[in-house]
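So the chains spell out like this:
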Amino acid sequence: MINDIHTHRIDAADAVICVNPWEYAPAVGKMYSVGIHPWQLGRATNADFKRVDELASCGNVVMIGECGIDKLRGGDIDRQIEVVKWHATLAQRVGKPLVLHCVRASNELCLLRRRLRPVTPWIVHGFRGNARVARRLLDAGFFISYGERFNPDAVNITPADRLLVETDESRLPVGEIYARLAECRHQTLDEFSSAVASLMAQLLPSR
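## Description of the packing of aromatic side chains
Ring pairs (aromatic) are described by centroid distance and by the angle formed between their planes.
Then comes step 1: Counted under the stated rule, the structure contains 5 aromatic pairs.
Then comes step 2: Both rings, one in phenylalanine 49 and one in tryptophan 86, keep their centres 5.1 Å apart while their planes meet at 90°; by these two values the pair is edge-to-face. With a gap of 37 residues between them, phenylalanine 49 in helix 1 (residues 46-55) and tryptophan 86 in helix 2 (residues 77-94) connect regions that are remote in the sequence.
Then comes step 3: Arginine 113 extends its terminal NZ or CZ atom over the ring of tryptophan 122, reaching a point 5.7 Å from the ring centre.
Then comes step 4: A cation over an aromatic ring shows up here: arginine 113 above the ring of phenylalanine 142, its NZ or CZ 5.6 Å from the ring centre.

## Quick notes on helix 1
Owing to its 3.6 residues per turn, the α-helix brings residues three or four apart onto one side.
Then comes step 1: Among the residues of helix 1, those classed as buried are Asp48, Phe49, Val52 and Leu55. The buried residues of helix 1 occupy an angular sector of 125° when the element is viewed end-on, so they sit on one face. Within helix 1, the exposed residues directed more than 90 degrees away from the buried face are Asn46, Ala47 and Lys50.
Then comes step 2: Here the buried face of helix 1 lies against strand 3 (31-34), strand 4 (61-70) and helix 2.

## So, the pairing of strand 3
Then comes step 1: Residues Met31 and Ser33 line one face of strand 3 and the alternating positions Tyr32 and Val34 line the opposite face, and both faces are buried.
Then comes step 2: Taken together, the 4 bridges between strand 2 (residues 15-19) and strand 3 define a ladder with parallel strand orientation. The residue bridging valine 19 from the neighbouring strand is valine 34, located in strand 3.
Then comes step 3: When strand 3 meets strand 4, the two strands line up parallel, connected through 3 bridges. The residue bridging tyrosine 32 from the neighbouring strand is valine 61, located in strand 4.

Rules behind the numbers
- Residues numbered from 1 in each chain as written.
- Predicted model: local features only at pLDDT ≥ 70, side-chain atom pairs only at ≥ 80, totals over all residues.
- Heavy atoms only, no water.
- Phe/Tyr/Trp six-rings, centres within 6.5 Å; stacked < 30°, edge-to-face > 60°.
- Helix = DSSP H or I, 4+ residues; strand = E, 2+ residues; numbered from the N terminus.
- Lys NZ or Arg CZ within 6 Å of the ring centre and 35° of its normal.
- Buried < 20%, exposed > 50% of the residue type's maximum accessible area, 1.4 Å probe, protein only.
- Arc of directions from axis to C-beta.
- Contact = heavy atoms within 4.5 Å.
- Pairing = 2+ DSSP bridges.

So this is what it looks like as structure tokens:
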């Protein structure tokens, strides 16, 4: 059972391992997300996008991304938005969740979601923002994934059917992150873990 929605650790177990298309080297039994990260747009070629398109239908690729908008490191904003739209269209076509990187771009992502009206889930990963921004994303229909660093107020306003857990680049065991989030929400670890597992089963029902 997958309990870590997003990690860059290629040796992770029970996790969705996020890679760029040129890094994709699947191992038996592992689950992946594949996409073009906004920090990598400067090196991405048409062949890389074609490769993401090809990999999107693979059984062990269970999510698309991460892609996203980063106003600090991502380069031209219009280009980033177009690339998110491309990934979103692909995610919709293959029926898989879209994993999003968001740095100071919640307004842009909310607007894009309203315009595209996707059926597939959109997940903002590694969210560290405050409750106000979290509420904006939740009201727009996003799922939110939390990792090692999080804002307690944001965690506590996120309903159980929208809250996911990840390690991202943290070296902490995912179980420790679960424990910290459960404590923040004044739940037992079993209660919290069960809620996340139920949501994961809905997002990845056939995996």
